[in-house]
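What follows is the residue order along each chain.
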Amino acid sequence: MIRTTDGAIRCRVVDDDARAGSAPKGKVVTTYRLYKSPHGDIVRVRMGFSWQAFFVGSLKAIVRRTWLLAAVALLFCATWLLFGHAPTTTSRMAAFTVVLAAFYAVYMVFCGVNGSRWLSDSLRRRGFTMVGEEKR
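For glutamate 134, the location among the structural elements is in strand 7 (residues 129-135). Of note is the side chain of glutamate 134, whose polar atom sits 3.5 Å from the side chain of arginine 44.

For the structure shown, the criterion picks out seven aromatic pairs. Relative to phenylalanine 55, the ring of tryptophan 51 has its centre 6.1 Å away and its plane inclined at 25°; by these criteria the two rings are stacked. With tryptophan 51 and phenylalanine 55 both in helix 2 (residues 51-55) and four residues apart, this pair spans about one turn of that helix. Residue classification places tryptophan 51 among the partly exposed positions, given a relative accessible area of 46%. Judged by relative accessible area, phenylalanine 55 falls into the exposed class, the value being 60%.

Considering all chains together, one arrives at five salt bridges under this definition. The closest approach of N and O atoms between arginine 33 and glutamate 133, which form a salt bridge, is 3.5 Å. With a gap of 100 residues between them, arginine 33 in strand 4 (residues 29-36) and glutamate 133 in strand 7 connect regions that are remote in the sequence. One salt bridge connects arginine 117 with aspartate 121, and the closest N-O pair in it is separated by 3.7 Å. Placement of the pair is arginine 117 and aspartate 121 together in helix 5 (residues 91-125), with a separation of four residues, close to one helical turn. Look at arginine 117 and you get partly exposed, because its relative accessible area is 44%. If you follow the salt bridges from partner to partner, you end up with Arg44, Glu134 and Arg136 in one network.

Here strand 4 pairs with strand 5 (residues 42-46) via five bridges, running antiparallel. Counted as the bridge partner of lysine 36 is isoleucine 42 from strand 5. Between strand 4 and the antiparallel strand that follows it, strand 5, lie five residues; glycine 40 among them carries a positive phi value of about 100°.

Turning next to helix 5. Taking 1.5 Å of rise per residue, the 35 residues of helix 5 would be expected to cover 51 Å, and the 48 Å separating its terminal C-alpha atoms lies within 8% of that figure. Roughly 50° is the biggest bend found in helix 5, and it falls at asparagine 114. After helix 5 finishes, the residue glycine 127 shows a positive phi value of roughly 100°.

Next up on the list: the confidence of the model for the chain. Close inspection of predicted coordinates is inappropriate in any region flagged by low pLDDT. Scored by pLDDT, the chain has a mean of 74; 69% of the residues are at 70 or more. Here strand 3 (residues 11-12) stands out as the least confident element of the chain, with mean pLDDT 37; strand 5 is the most confident, with 91. A low-confidence stretch, residues 6-23 (pLDDT under 50), is modelled with 45 contacts involving residues beyond four sequence positions or located in other chains.

This part is about the side chain of serine 50. Inspection of the secondary structure puts serine 50 in strand 6 (residues 49-50). From its side chain, serine 50 meets the backbone nitrogen of alanine 53 in a polar contact 3.1 Å long.

About the thresholds
Residues numbered from 1 in each chain as written. Predicted model: local features only at pLDDT ≥ 70, side-chain atom pairs only at ≥ 80, totals over all residues. Heavy atoms only, no water. Helix = DSSP H or I, 4+ residues; strand = E, 2+ residues; numbered from the N terminus. Polar contact = N/O pair within 3.5 Å; in protein donor to acceptor, adjacent residues only side chain to side chain. Phe/Tyr/Trp six-rings, centres within 6.5 Å; stacked < 30°, edge-to-face > 60°. Buried < 20%, exposed > 50% of the residue type's maximum accessible area, 1.4 Å probe, protein only. Salt bridge = Lys/Arg side-chain N within 4 Å of Asp/Glu carboxyl O. Pairing = 2+ DSSP bridges. Expected span 1.5 Å × (residues − 1). Bend = angle between axes of the 7 residues up to and from the residue. pLDDT = per-residue confidence, 0-100. Contact = heavy atoms within 4.5 Å.

This is the structure:
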C-alpha cells in the first residue's frame, strides 16, 4: 500500500534525454523518499519546499514542540489582533507590526524549507526505515 503524505515538492528535469544533456522543455519530475513502517506500510514523502508547512507552520511548530517559533507566531497574531485594527495607531506601533510581519514571513519560509526534513525525522523516530527514492 502506498500512501502519499502531503509534504514538499522538488522539481527537477529528469528524462533520458535530460540525462544525455538535451533537456526537453516542460518536463517536471518530483523526487520522493520512500519509508517503510514496522508494519510494512510504505509512506512517500515529497522532497524540497513544503507548501503545507509554509501555510500551516504555526500549528506544526506547536505539534513539533518548537516553542520559540510558536511564541513568535503567537506574538505576531496577538499584536495584530490587539493593535493592527486599533482606530488610532502610532507610527511606532505600525513599524512594530511591520517588523513582526517580516519576522513571521521569515518564519513561514523557515517552516517551508525544513518541513520535509521534519516529516522524515518524525517518521524515523517512529521506527520507519528509508527504503529508497522515487522520481515521478
